[in-house]
Amino acid sequence: DLAGRRHDSAFSMLTDLDSGLQLATKKDSASIDDSPVFSTVAACLEDLGLNHIKQNYLAGVGLNISKDQKSESSRQYLREKWFEDALTRTSQWDDTLMPTDEGQALYHAQRLPTDTAPQTENKNAHYHESIFDSLQCFARSDISSGLIHLVQARRSVLTTIQQLSGSEAQTSGMVEPLSRLRTLSQLELVGRTLEDIVDSSEGISSLESLLNRWGFAGSVNGEELSLLDNDVNYDMSGQDCTIDGSLFRAIHSDFAVKEISLKLLSGKTSHCGVSDAITAHIFQSCRVYRELGRPDVAKTSLSNLRSVLRIFHKQDHAQERMQISSTTVPAILRLEDAKIKRCERDFDQAIIHCKMISSFLASGRDGTSDPERDHLCAEALLLGGLWMTQQNVEGATTVLPYYERASEMSMKIYRKSPTDAGEMRAAMASFKLGEFAASLYSSIDARMHDEVWKKRRGVALDRKNEMRTLKGQIEKARKDKNNERYAELSHVFGTMKVEDEMDEREVQSVQDSLGRFLHMAVRSYCQAIQLCPPSVAHVSKYVYEMISLWFKNCQKKKTMGIVNELIRMNTLQMPSYRLVPLTYQLFSRIDAAEGEEKNGFQHTLRQLVLKLCSDHPYHGIVQLIALSNGQKIGTGVSGRHADTYLENVGVSKIEAVDSVIKELQKKAPKYVSGLIENYKTLCDSYISTGEWDTAHIKGPSAYKNIPFSKAKLDLPTCLTGGGRRSKKSNVSSDNMPVIITKPPSIRPDCQYGN
């Protein structure tokens, strides 16, 4: 887990620094000037979420440094760190920047930390101090002074860039200064906007332009506030990301400055879009902190969001379209609580939160359909199912309904109101349902093939044979009127019959479950592949799993009807580009289809191959031609390994591939037919070149400049523009073959041009 790895790394760093700290404490306090030591310790404490300990630690370091007149650089570090923490705490706790209940904009700088910043001899403020002073000036409507402080902050950043220039740390160290320059540019826009609000009538247009620039266009256009997460990942691969501690602090500082700026704007204007922007920004920052593996910071941000929502709810200008009083927003925040708990590896609480949310939202439905409410319920169900599966805390019969209800609700939402985000959610829910059903199928299938199951079936077969013998003995005892023997045998037969019926019911239940889970897995995969947009890359494993289930069951008597029918029904709707990586696996299964029903495996496979080669000819035609040339072998194979080679390439397979090629030439676009002829010529030329007898060539010079005409090869007929082609040929320069070993990239739209 990302948070766990970060904690382990920080603890390891603190352990390594322990010896250095012990040496530092042994020194005379007046000689302590080892700023890298205590700055690294402070960074480790921040990464561990121990900010209160960090503050006390730096305060103690400051007391020691204050006695040393030579520790100016260390005091500057402590002063800058104080202002950095002040900005963060102001954004999290100081809500007086926003309007009060009476609508007045008040600002209390005294709400900042009660301690004072360390004093230094250097009068030039650094980055965070300049930002802090600038925001104070903006709050007092002293815009010109605030902009002057921003100029000083820019000088500080440029000085840092100059120091990094030419050093080994230039590449990695430039990220933070560039991020700070972007923050300064945003603050300058805030200052100009505040100036327009105070001094001119163009303040509203400037404000709307700023909100649009920051990505809050919905707040400006009057759209409803939505805290729902449109970035759907649901624990897909590649979700976790690692980030350096200094880079995270830069991101945290940037978010804090933007939050304070929005609160300042909220206090200067009654525009309703600002309140929406504040809410959306804090929620976004909470989500980012969580995804970066910082649940402690995310939890603080979520608490801040709840405080802001309460303030907006009390104010008269809180818009009804924000729906703060509805049950949806508290449930959204509680779901974010669950995600933070999961990030903290507290899976029990995370699962309990998801169960409570889904139960509450499901019980509160009064027959009406609320897409936002339904989506939230579906996400809670899906996340609860995923986390229960990961931790194995519930049985399959308990977990499976979570996946089924989540997939069903997501599909209903998408079909009723088709959106890109809804399509993505429905696809991901179906993928996860298919994955879970496939795992259940695999476990049952493995159980039915293990030795214990086979022995049990053997015992059941022996019991049936014994029952048939007993039945004859009972009949004989009845005819002989041996009542005692008849009663004894009847009792034994009845006991064995009960055991046999129980065993048969269990076997039938297992077989029914096997078919049910197989049908659910393949159907869900097909449904998800149809919906999943091309932008989603990490779905190959689901496609492979679907094809694996198909191949594994396509010839089994009890399951072939399930998989073949599902694949046949979804072949035309399925995006073919998802199957291009499986070209070799699909084509290798082509064989004769005599006597097979229309919904059989070979008929279904042929339809899929035709679609694949028609949509992506450059990725399928060569493989088909290679199979059709399966019995063309040269003298290097003949006589030594010919029989072994030809065993793997039967005549029925070659004939089946030839029929597929002929059908493809009839049904595919016209240029594909010409492309097939060109590829045949190209492949034949490669074969002819490989089989060409070189025994008559002797001497080193004879291997150079051998003309094709001398070898009577036909390679030029497909590589030239048409000069040597037959007049009857239907190929042209528009369907020239590409290099066999370098096909074009797969195009989801199937548009390869000429």
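Residues numbered from 1 in each chain as written. Predicted model: local features only at pLDDT ≥ 70, side-chain atom pairs only at ≥ 80, totals over all residues. Heavy atoms only, no water.

Here we take up the overall build of the protein chain. Looking only at helices and strands, the protein chain has 30 helices and zero strands in total. Residues classed as buried in the protein chain amount to 46% of the 754 residues present. Sequence-distant contacts, at least 24 apart, represent 73% of the contacts inside the protein chain between residues at least 6 apart. (Helix = DSSP H or I, 4+ residues; strand = E, 2+ residues; numbered from the N terminus. Buried < 20%, exposed > 50% of the residue type's maximum accessible area, 1.4 Å probe, protein only. Contact = heavy atoms within 4.5 Å.)

What follows concerns the side chain of Asn629. With respect to the helices, strands and loops of the structure, Asn629 is situated in the loop between helix H25 (621-628) and helix H26 (642-647). Among the residues examined, Asn629 registers a relative accessible area of 12% and is labelled buried. The contact partners of Asn629, leaving out residues within four places of it in the chain, are Cys683, Asp684 and Ile687.

Residues Ile131, Trp550, Leu586 and Leu624 are the most contacted members of the largest nonpolar core, which totals 155 residues. No other element matches helix H18 (residues 420-448), which puts 14 residues into this core. Contacts of Leu624, omitting those with residues within four sequence positions, involve Phe587, Ile590, Val609, Cys613, Val657, Val660, Ile661 and Leu664. (Core = buried A, V, L, I, M, F, W, Y, C linked by side-chain atoms within 4.5 Å.)

Right, let's talk about the packing of H25 against helix H27 (residues 651-667) for a bit. The interhelical angle for the contact between H25 and H27, taken along N-to-C directions, is 140 degrees, at an axis separation of 8 Å. Compared by their axis directions, H25 and H27 come out oblique. Crossing of H25 against H27: the hand is left-handed. Where H25 approaches H27, its residues Leu624, Ile625, Leu627 and Ser628 are matched on the opposing element by Ile654, Val657, Asp658, Val660, Ile661 and Leu664. Considering only residue class, the contact of H25 with H27 consists of eight nonpolar, one polar and one charged. (Axes fitted to C-alpha atoms, helices over the stretch in contact; angles between N-to-C directions. Parallel < 35°, antiparallel > 145°, perpendicular 65-115°, else oblique. Left-handed = near helix turned anticlockwise from the far one by under 90°. Nonpolar A, V, L, I, M, F, W, Y, C, P; charged D, E, K, R; others polar.)

As enumerated under the stated definition, the model contains 32 salt bridges in all. Between Glu506 and Arg447 there is a salt bridge; the shortest N-O distance is 2.9 Å. Of this pair, Glu506 sits in helix H20 (residues 483-531) while Arg447 is found in helix H18, placing the two residues 59 residues apart along the sequence. Residue Arg447 is classed as partly exposed on the basis of its relative accessible area of 34%. (Salt bridge = Lys/Arg side-chain N within 4 Å of Asp/Glu carboxyl O.)

Our next topic: the packing of aromatic side chains. Overall, the coordinates contain twelve aromatic pairs when judged by the stated rule. Ring geometry for Trp82 against Phe83: centres 4.9 Å apart, planes inclined by 85 degrees, an arrangement best described as edge-to-face. The two residues Trp82 and Phe83 agree in class, both being buried. Ring geometry for Trp82 versus Phe132: centroids 6.4 Å apart, planes at 70 degrees, classification edge-to-face. Taken together, the residues Trp82 in helix H4 (residues 72-93) and Phe132 in helix H5 (residues 127-139) connect sequence positions 50 residues apart. When its relative accessible area of 12% is taken as the criterion, Trp82 is described as buried. (Phe/Tyr/Trp six-rings, centres within 6.5 Å; stacked < 30°, edge-to-face > 60°.)

The pLDDT averaged across the protein chain works out to 78; a share of 75% of its residues lies at or above 70. Every residue in residues 235-240 scores below 50 in pLDDT, and together they form twelve contacts with partners more than four places removed in sequence or on other chains. Per-residue pLDDT stays below 50 along residues 721-731; that stretch engages in 16 contacts with residues further than four places along the chain or on separate chains. (pLDDT = per-residue confidence, 0-100.)

What follows concerns the environment of Ala125. By secondary structure assignment, the location of Ala125 is in the loop between H4 and H5. C-alpha separation for the pair Ala125 and Arg155, spaced 30 residues apart in sequence, amounts to 9.7 Å. Ignoring sequence-local partners within four residues, the contact set of Ala125 consists of Ser130 and Gln152.

For the rest of this paragraph, the subject is helix H12 (residues 272-291). The terminal C-alpha atoms of H12, which comprises 20 residues, lie 29 Å apart, in line with the 28 Å expected from a rise of 1.5 Å per residue. H12 sits mainly inside the fold: 15 of its 20 residues count as buried. Once H12 finishes, Gly293 follows within two positions and takes phi at roughly 80 degrees, a positive value. (Expected span 1.5 Å × (residues − 1).)

In this section: the side chain of Glu423. Along the chain, Glu423 falls in helix H18. For the buried Glu423, no salt bridge exists, and the shortest N-O distance to an oppositely charged side chain is 9.5 Å, to Arg578. (Lys, Arg positive; Asp, Glu negative; His and termini not counted.)

On to the environment of Val151. Positionally, Val151 belongs in helix H6 (residues 143-164). In the structure, Val151 is positioned 17 residues away from Ser134 in sequence and 9.7 Å away in space, judged by C-alpha atoms.

With that settled, the discussion passes to the environment of Gly674. Along the chain, the position of Gly674 falls in helix H28 (residues 670-691). Along the sequence, Gly674 and Pro737 sit 63 residues apart, while their C-alpha atoms lie 9.5 Å from each other.

Further remarks concern the packing of H20 against helix H21 (residues 540-553). It is at 10 Å that the axes of H20 and H21 come closest, and there the two elements cross at 140 degrees. Viewed along their axes, H20 and H21 adopt a mutual orientation that is oblique. Our pair here, H20 against H21, has a crossing hand that is left-handed. Residues Leu518, Ala521, Val522, Tyr525, Cys526 and Ile529 of H20 touch H21, and the partners they reach there are Tyr542, Val543, Glu545, Met546, Leu549 and Asn553. Looking at the contact of H20 with H21, its residues break down into ten nonpolar, one polar and one charged.

What follows is about H25. Among the eight residues of H25, six are classified as buried, and the element is accordingly described as predominantly covered. By the burial criterion, the buried members of H25 are Ile621, Val622, Gln623, Leu624, Ile625 and Ser628. Among the structural elements, helix H23 (583-587), helix H24 (601-615), H27 and H28 are those in contact with the buried residues of H25.

Take unusual backbone geometry next. If you check the backbone angles, Asn392 has positive phi at about 55 degrees while not being a glycine. Secondary-structure assignment places Asn392 in the loop between helix H16 (371-391) and helix H17 (396-416). On the accessibility criterion, Asn392 (65% relative accessible area) is exposed. The backbone phi angle of Cys750 is positive, close to 65 degrees, even though this residue is not glycine.

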